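# Commentary on secondary and tertiary structure
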Amino acid sequence: MTRKPIFAANWKMNKGASETEDFIKSFLSKIQGENFPCEIVVAPPFISLPKLADLLHNANAGQNAHAIQIAAQNCSQFDSGAYTGEVSVLMLREFFVHFVILGHSERRAIFGETDAMINAKIKKAREANLKPIFCIGETLAERESGKLEDVLRTQITGGLEGVSEKDLGEIVIAYEPVWAIGTGVTASSQQAQDAHAFVRSVIADLYGADAAAKIRIQYGGSVKPGNAAELMACPDIDGALIGGAALESQSFLEIIRHGSGSPE
Ligand code: PGA
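Keep in mind the model is a prediction, meaning the values are calculated, not measured.

Scoring rules and cut-offs
- Residues numbered from 1 in each chain as written.
- Predicted model: local features only at pLDDT ≥ 70, side-chain atom pairs only at ≥ 80, totals over all residues.
- Heavy atoms only, no water.
- Phe/Tyr/Trp six-rings, centres within 6.5 Å; stacked < 30°, edge-to-face > 60°.
- Helix = DSSP H or I, 4+ residues; strand = E, 2+ residues; numbered from the N terminus.
- Buried < 20%, exposed > 50% of the residue type's maximum accessible area, 1.4 Å probe, protein only.
- Lys NZ or Arg CZ within 6 Å of the ring centre and 35° of its normal.
- Pairing = 2+ DSSP bridges.

### Let's talk about the packing of aromatic side chains
Considering all chains together, one arrives at six aromatic pairs under this definition. Aromatic side chains Tyr175 and Tyr219 sit 6.4 Å apart centroid to centroid with 55 degrees between the ring planes, which places their arrangement in the tilted category. Taken as a pair, Tyr175 in strand β6 (residues 172-175) and Tyr219 in strand β7 (residues 216-220) lie far apart in primary sequence, 44 residues in all. Comparing Tyr175 with Tyr219, the two get one shared label, buried. Through successive ring pairs, a cluster of aromatic residues spans Trp11, Phe23, Phe27 and Phe252. Positioned above the aromatic ring of Trp11, the side-chain terminus of Lys15 is 5.4 Å from the ring centre. The aromatic ring of Phe111 is capped on one face by Arg107, whose charged end is 4.1 Å from the ring centroid.

Shown next, in the form of structure tokens:
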């Protein structure tokens, strides 16, 4: 089973419209004429989506502009109405958004998102044909107390409750150990591979071996140019979700090149 690797930049609450423009112009100028054996996704803050859509989809967008796909960092589980501060999936569609990061550990820990809310958002995203990047991962305390597999299984079964196998085919899972996010501490490639193999086995239990073999599982947590190749060489790791190291176009590009084995 060949799965196309997917590299996604999660900018979190960084880069307004003008910094988005600087990054994209610089990134596009560096990838002139290149073809990558992977998908490349950029997730800016909501407020920068119109600028990103414009840069990538207007008539004058340069060569390779379409090499980049757009993600949002969140979406509402509701359609429209009295939900102050929320953004709906249909609003995202207007800006050529194709992916949406859901269940990120910062959303879970800081904004109180539960497995049930994440499940509702995944379903809402699929109604609008958005592809969820569904994040799961354990804290250090959970890992150290032997709860890694329980935590991952609970997050996966809760997040995917009632999601059809067809919709699962449009979902990417991002395994992000919370202790590795933004800390500079990366999971060893063995720790990452073991967790990814376990995630795939849970998908096999829920949806069968075929679906498990097809689903892409990204690794996230302090991915850098220097560790991308080793992590991506693991058989169950299909790309990366990158925070800090994706804020600079050069290091994002180096991760993509090292991680996808494409030429320098
Ligand atoms: P990091 O963030 O690469 O800065 O660790 C990853 C993420 O939160 O998705």
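### Brief notes about the pairing of strand β3 (residues 68-72)
Summarising burial for β3: four of the five residues are buried, a large majority. Relative to β3, strand β2 (residues 39-43) runs parallel, the two being bridged by three bridges. Looking at the pairing, Ile40 lines up with Ile68 of β3. Looking at chain direction, β3 and strand β4 (residues 97-102) are connected through three bridges and run parallel. Across the sheet, residue Ala71 finds its bridge partner in β4, namely Phe99.

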